Amino acid sequence: MSGTIGVTLEQSRSRTAGPVLPENHVVSEILVRLSAKALLRCRAVCHSWHRRTSEAAFLLVHHRRQPSLPLVTFLAAASSSQSQHSHASLDTLDLRLPPLIGVGWTPLPRLADAALYLHGSSGECHILRCKRRRYGDHGLTTNAPAYHVLTIGSSAEPRRIELASNAPRASTWWFRCSERPGILLHGCLHWALHSSPEKLLMVFDTVTESFRSMPSPITGTQERTQLLEMDNTLAISWMDMCETTMRLWLLQDYETGVWTLSRRIIFPVTEMRSVLNVKWCRFYGTVVSQERYVLLHDSHSSYLFHCDGEGKLVRKFCWSGAVPRPAGHIGSQRASSGMSSSEGNMVLVRGDNHVSFKASRV
Amino acid sequence: MAAPESGDGNNGAARMVTLISSDNTRFEVEAAAASLSQTLQLTILDGGGGGGDGIPLPNVDSATLSKVLEYCIKHAPAAANGGAPNATAVDRAELERFDNEFVNIDQSVLYSLIMAAHNLEIEGLQSLVAKKVADMIKGKSPMEIRRTLGFPDPTPEEQAEMNAHMLEYGWAYE
C-alpha cells in the first residue's frame, strides 16, 4: 500500500521496521476525534501534526465535535472577603460521578470580555472585544463600553464598531463573556440584555461585523434569564420571581422574531430547601444541556442541584469550601466561548479544555 | 447470497458488480454493498462494473479490498434502510460487535484500510478506522504516540521541543 502514500514525513523512515501511519490528510480525520487535551499533546508529536492542528479550519471542525459542557464558576469560600472567583468547568459525566466532595477544580485566568468568531468572508479568526471606558474629568466617570474588532495573527489596529443609533442605551448593557457567552447562530452572535427596560436581544453579525437588536420575550437580571441554543434554535429561559418555576421560550421564526413558550419546569423547591436545611432561599437555574437539564444553585450554599426537563431532582452535589455558580452552557455549535488572555496568547476556554491560539496580543 | 433487501428499485436477483484490485484480483459483489463507497456509487449508477468489464481500483490491493468488502457486505442492509432508523437493538448491537472485532487487526492492515476507506469514500469505515487510531493515541505522551504509530525516533531538536511543550502545557499532560 505504500505506493498510494504521496507525502512522507520530513524525515527518513528507513530506520523503522514496523508499519508507519501514512502522513497525509487522513491524519486530520484521526486527530479531529481527540479531546482538546490529547490534541494539544499531539501538537508536540511532529512539526507536520503541529501545523495541521493549528489550522483554523481544523480547529473549527474539532470544536464542533466537542461535547457540550456546563461551565461552573466557584466563589471560593476560603477567600470570600476578596470575592475571589475560580472558574472551572465540569463535564456532565463528572457531575454524575460521586464522590464530589474534594474534587479539585482547575483555576482559569480571569476571563476577558471578548468573543471569538470566524469571520464570514475572510475566514480569519476575529475577536470582538468589549472595553468599558472611563469618561469625564474631575473624578466624574461614566462607564460606556466600546467595541472593537481584532484579527488574530494580524498587527492591524483594533477597529471600532459603533452601535446603531436605535440601539438600547449603551450604559444599560454590555456583554460579559465570563458570565454568559454569546450564542452563535445563523452567522450572528446573540446576547440577552440584562436589567434592561427593553425586551431585546443584541445581535452581532459576524459577516458584516455590525450590531443590531431583535425582540426577546422576556427581560430580567442575569441570574434569572439565560439565552441558549437548542437544536439550531435560539431559546431563552427565565426563572419566575418566586424561583420555583422556569419558563423556556423558543424562537420559532428567526426572521420575524416570533417566540413561543415551549415549556414550564416546576422545581421541587421544598425538597431542595430541606436539603439546605432552610425554610426559604432563592434558587437560580441554568439550562446546561439539549435535554433541558437544569443546574440550580442558591447564592450562599455549596450545593448544586441537578434537575431534569420535567423538574425532577436527579442529583445533588456539594463542594466543601466553595460556592458553585453555573455560568452557562458551552454549546457544541458555538465558535465563541469564554476567552482569556495571558502572556499575550489568546486562549479559547472550552470547559476543562483549552485550545490555545498562537496569536496576537490583545 | 441473495439479500432480502435488494431494494432501490432493482427487481429480482441483486445486481452484481466486479471490482479489480491493484494486483488484478477480481471481486464480485452486490452493487448495494459496493455502493457504500461514494466513489463507486456514481460509476455503478451509470451502469458500470457489470458483465465482464469490472471497475479497476489501482490504489487498493486484494488483501485490503477483501477486508473493505467484508465491511461493506455487513453494513449494506442497514445502509439500504437509510441508516437503519428502525433497526432493532439486536441488529445494532450485532453491527457494533462486528465493528469492534473488525478493527482488531494488525497496524499495517489498519493503515491500508484508512487509505482505502478514504480513497473509496466509505464514510462509516472512515470513521471506524479513524476512531480506532484515535483510541490508540489518546492518553499517550507525544513520545509514546510516535512509537505507537511507528514514527522514527525524534532528533535531539525534536526531543527538546517535546520537553518544552510539556513544560509549557503541563496541564495537558496530567
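Rules used throughout
- Residues numbered from 1 in each chain as written.
- Chains lettered and ligands numbered in written order.
- Predicted model: local features only at pLDDT ≥ 70, side-chain atom pairs only at ≥ 80, totals over all residues.
- Heavy atoms only, no water.
- Helix = DSSP H or I, 4+ residues; strand = E, 2+ residues; numbered from the N terminus.
- Buried < 20%, exposed > 50% of the residue type's maximum accessible area, 1.4 Å probe, protein only.
- Contact = heavy atoms within 4.5 Å.
- Areas by Shrake-Rupley, 256 points an atom, 1.4 Å probe, with all protein chains shown as cover.
- Pairing = 2+ DSSP bridges.
- pLDDT = per-residue confidence, 0-100.
- Axes fitted to C-alpha atoms, helices over the stretch in contact; angles between N-to-C directions.
- Parallel < 35°, antiparallel > 145°, perpendicular 65-115°, else oblique.
- Nonpolar A, V, L, I, M, F, W, Y, C, P; charged D, E, K, R; others polar.
- Buried area = accessible area lost by both parts, 1.4 Å probe.
- Salt bridge = Lys/Arg side-chain N within 4 Å of Asp/Glu carboxyl O.
- Polar contact = N/O pair within 3.5 Å; in protein donor to acceptor, adjacent residues only side chain to side chain.
- UniProt positions renumbered as here; feature names shortened; annotations may be inferred.

1. Some thoughts on the overall build of chain A
Item 1. For chain A, the helix and strand inventory stands at 6 helices and 22 strands.
Item 2. Taken over 362 residues, chain A has a buried fraction of 54%.
Item 3. Within chain A, residue pairs in contact and separated by at least 24 positions form 49% of the contacts whose partners lie at least 6 positions apart.
Item 4. For chain A, the accessible surface area stands at approximately 16500 Å², while carbon and sulfur atoms represent 51% of it.

2. Observations concerning the pairing of strand S1 (residues 16–20) of chain B
Residue and element names in this part refer to chain B.
Item 1. In terms of burial, S1 is largely enclosed, as 4 of its 5 residues are buried.
Item 2. As defined by bridge partners, S1 adjoins strand S3 (residues 55–56) across 2 bridges and the pair is classed as parallel. Within the sheet, the bridge partner assigned to Leu19 lies in S3 and is Ile55.

3. A few points about the confidence of the model for chain B
Should pLDDT be low for a region, the predicted coordinates there are not to be read in detail.
All names here are of chain B.
Item 1. In this model, chain B carries a mean pLDDT of 86, and residues with pLDDT of at least 70 account for 87%.
Item 2. For the stretch residues 1–10, pLDDT sits under 50, and the model shows 7 contacts to residues farther than four places along the chain or on other chains.
Item 3. Predicted complex, confidence summary: ipTM 0.84, pTM 0.53.

4. Description of the packing of helix H3 (residues 62–80) of chain B against helix H4 (residues 89–102) of chain B
All names here are of chain B.
Item 1. It is at 11 Å that the axes of H3 and H4 come closest, and there the two elements cross at 170°. With respect to H4, the element H3 is oriented roughly antiparallel. Across the interface between the two elements, Lys67, Glu70, Tyr71, Lys74, His75 and Ala78 from H3 touch Glu94, Leu95, Phe98, Asp99 and Phe102 from H4.
Item 2. Class assignment for the residues of the contact of H3 with H4 results in 5 nonpolar, 1 polar and 5 charged.

5. A short note on unusual backbone geometry
Residue and element names in this part refer to chain A.
Item 1. Of note in this structure, His186 is not a glycine but carries a positive phi near 50°.
Item 2. Counting through the fold element by element, His186 comes out in the loop between strand S7 (183–185) and strand S8 (188–192).
Item 3. For Asn277, which is not a glycine, the phi torsion comes out positive at approximately 65°.
Item 4. Mapped onto the elements, Asn277 comes out in the loop between helix H6 (269–276) and strand S15 (284–287).

6. Considerations on the interface of chain B and chain A
Interface size is often expressed as the accessible area that is lost when the parts come together.
Item 1. Across the contact, 39 residues belong to chain B and 32 residues belong to chain A.
Item 2. Summed over both sides, the interface between chain B and chain A buries roughly 3300 Å², with carbon and sulfur atoms accounting for 68% of that surface.
Item 3. Looking only at chain B, the three residues that lose the most surface to chain A are B:Met115, B:Phe151 and B:Trp171, adding up to 19% of its buried area.
Item 4. Where chain B packs against chain A, one counts 0 salt bridges.
Item 5. Inspection of the chain B/chain A interface yields 8 residue pairs in polar contact (both at pLDDT 80 or more).
Item 6. Put simply, the parts of the chain that give the side of chain B that touches chain A at least two residues each are helix H5 (107–120), helix H6 (123–137), helix H7 (142–149) and helix H8 (156–168) of chain B.
Item 7. Partitioned by chemical class, the residues of the side of chain B that touches chain A number 18 nonpolar, 12 polar and 9 charged.

7. With respect to the sheet that holds strand S10 (residues 210–215) of chain A
All names here are of chain A.
Item 1. Pairing in this open sheet of 4 strands is antiparallel, and the strands run S7-S8-S9-S10 from one edge to the other. Each of the sheet's edge strands pairs with one partner strand only, and the pair in question is S7 and S10. Within the sheet, the average angular offset between the axes of one strand and its neighbour, ignoring direction, is 30°.
Item 2. In this structure, S8 lies alongside strand S9 (residues 200–205), joined through 5 bridges in antiparallel fashion. Across the sheet, Trp191 pairs through a bridge with Met202, a residue of S9.

8. Observations concerning the confidence of the model for chain A
Item 1. With 57% of its residues at a pLDDT of 70 or more, chain A has an overall mean of 67.
Item 2. In the model, residues 76–112 of chain A has pLDDT below 50 throughout and makes 74 contacts with residues more than four positions away in sequence or in other chains.

9. Considering the UniProt feature "domain: SKP1 component dimerisation" (unreviewed entry) in chain B
Item 1. Listed under "domain: SKP1 component dimerisation" (unreviewed entry) in the UniProt record, and renumbered for this structure, are residues 124–163 of chain B.
Item 2. Secondary structure within residues 124–163 of chain B divides into 75% helix and 0% strand; the distance between the first and last C-alpha atoms comes to 37 Å.

10. Examining the sheet that holds S15(A)
All names here are of chain A.
Item 1. The 4 strands lie next to each other as S15-S16-S17-S18, forming an open sheet whose pairing is antiparallel. Strands with a single pairing partner mark the edges of an open sheet, and in this sheet they are S15 and strand S18 (313–318). Taking the axes of each pair of neighbouring strands and ignoring which way they run, one obtains an average angle of 25° across the sheet.
Item 2. Pairing of S15 with strand S16 (residues 294–297), which is carried by 4 bridges, proceeds in the antiparallel orientation. Counterpart to Thr286 in the pairing with S16 is Leu295.

11. Observations concerning the side chain of A:Gln226
Residue and element names in this part refer to chain A.
Item 1. Mapped onto the elements of the fold, Gln226 is located in strand S11 (residues 225–230).
Item 2. A residue is classified by how much of its surface remains accessible, and Gln226, at 2% relative accessible area, is buried.
Item 3. Polar side-chain contacts of Gln226 include one of 2.8 Å to the backbone nitrogen of Val287.

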